[in-house]
Amino acid sequence: MKMTKELWLEKNGFGADGFTWCIFGEDTYAIKEQLKELGCKFSPLLKWHSPKALDLPEGYGMFPISFDEIGQWDLINETVCYFEKSKELIERKFREAEGPSLSEYVGTPGERLRNITAIYKSSRGFSGKFGWTNIHTFQMGENILIWMTSKELELEKGSPINLTGTIKSHQEYMGIKQTYLSRCIIEKIL
């Protein structure tokens, strides 16, 4: 069967009007099953998105993106050709929708933080040349703390913890100031 632009749009989470609604919020992974039930699609470029605006739980929102803003249909190959700046445009729209980050850098590199109270936000990981690496994210007030380690954490999202760790570096990612830690000791607050 010949792939048409209309079929591609429908299959990839765009409405007949050529728009898709990108979903943003603190942790869309936490509501992925609900999003699937609502007919949303996930792509690395657009993240979770829907062909129509939805009523989402508190803390989540949506913004529209037109197919014509990010790509064009290739009639010969029956596929999409994304524009060179598509990823940059979509990331900018996510940042604008989420509003400015209030996160600031914590301490100075080399400083040892001792028994600070933080909230466990999430863990994800990747396989690299040194094996599996976990990326654990914590929040202290508005500030974001990151610990990259092979160690697994058995914490529920939103759990308060006592954290001791050495500040490794300060880095900005997608407009968010993050403090990277090493040699951490994590104790769950009961």
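Residues numbered from 1 in each chain as written. Predicted model: local features only at pLDDT ≥ 70, side-chain atom pairs only at ≥ 80, totals over all residues. Heavy atoms only, no water.

Caption draft 1: Structural view of the pattern of salt bridges. Within the structure shown, the criterion is met by 6 salt bridges. As a salt-bridge pair, Lys5 and Asp68 come within 3.7 Å of each other at their nearest N and O atoms. Here Lys5 is found in helix H1 (residues 5-11), whereas its partner Asp68 is found in helix H3 (residues 67-70), with 63 residues between them in sequence. Looking at Lys5, the relative accessible area reads 27%, which means it is partly exposed. Given a relative accessible area of 53%, Asp68 falls into the exposed group. Linking Lys93 and Glu69 is a salt bridge whose minimum nitrogen-to-oxygen distance equals 3.2 Å. With Lys93 in helix H4 (residues 86-98) and Glu69 in helix H3, the pair connects residues that are 24 residues apart, well separated along the chain. (Salt bridge = Lys/Arg side-chain N within 4 Å of Asp/Glu carboxyl O. Helix = DSSP H or I, 4+ residues; strand = E, 2+ residues; numbered from the N terminus. Buried < 20%, exposed > 50% of the residue type's maximum accessible area, 1.4 Å probe, protein only.)

Caption draft 2: Spotlight on the sheet that holds strand E10 (residues 160-173). Read once around its circumference, the closed barrel built from 5 strands follows the order E7-E8-E9-E11-E10, with strand pairing classed as mixed. Adjacent strand axes in the sheet meet at a mean angle of 40° when their direction is disregarded. (Pairing = 2+ DSSP bridges. Axes fitted to C-alpha atoms, helices over the stretch in contact; angles between N-to-C directions.)

Caption draft 3: Quick peek at the sheet that holds strand E1 (residues 19-25). Ordered in space as E2-E3-E1-E4, the 4 strands form an open sheet in which the pairing is antiparallel. Each having just a single partner strand, strand E2 (41-43) and strand E4 (60-66) make up the two edges of the open sheet. Along the sheet, successive strands turn relative to each other by an average axial angle of 40°, direction set aside. Sheet topology places E2 next to strand E3 (residues 47-50); 3 bridges connect them, and they run antiparallel.

Caption draft 4: Layout of the pairing of strand E8 (residues 131-140). Counting buried positions along E8 yields 7 of 10 residues, so the element is predominantly enclosed. When strand E7 (residues 112-128) meets E8, the two strands line up antiparallel, connected through 9 bridges. Paired with Phe126 across the bridge in E8 is Thr133. From the end of E7 to the start of E8, which pair antiparallel, there are 2 residues. In sequence, E8 turns back onto strand E9 (residues 143-149) through a hairpin of 2 residues, with Gly141 there showing a positive phi of about 65°.

Caption draft 5: Main features of the pairing of E4. The element E4 is extensively covered by neighbouring structure, given that 5 of its 7 residues are classed as buried. Looking at chain direction, E1 and E4 are connected through 7 bridges and run antiparallel. Each residue of the ladder has a partner; that of Phe19, found in E4, is Ser66.

Caption draft 6: Structural context of the environment of Gly125. Relative to the assigned elements, Gly125 resides in strand E7. Note on Gly125: relative accessible area 31%, which makes it partly exposed. Residues in contact with Gly125, not counting those within four places in the same chain, are Trp132, Thr133, Asn134 and Ile135. (Contact = heavy atoms within 4.5 Å.)

Caption draft 7: Highlighting the nonpolar core. Counting 16 residues, the largest nonpolar core has Phe138, Leu153, Ile161, Leu163, Leu181 and Ile186 as its most contacted members. Elements represented by at least two residues in this core include exactly E7, E9, E10 and strand E11 (176-188). Filtering out sequence-adjacent residues up to four positions away, Leu163 remains in contact with Leu113, Arg114, Asn115, Ile116, Phe138, Leu181, Ile185 and Ile186. Of all hydrophobic cores here, the second largest spans 15 residues; its members include Trp8, Phe63, Phe67 and Trp73. (Core = buried A, V, L, I, M, F, W, Y, C linked by side-chain atoms within 4.5 Å.)

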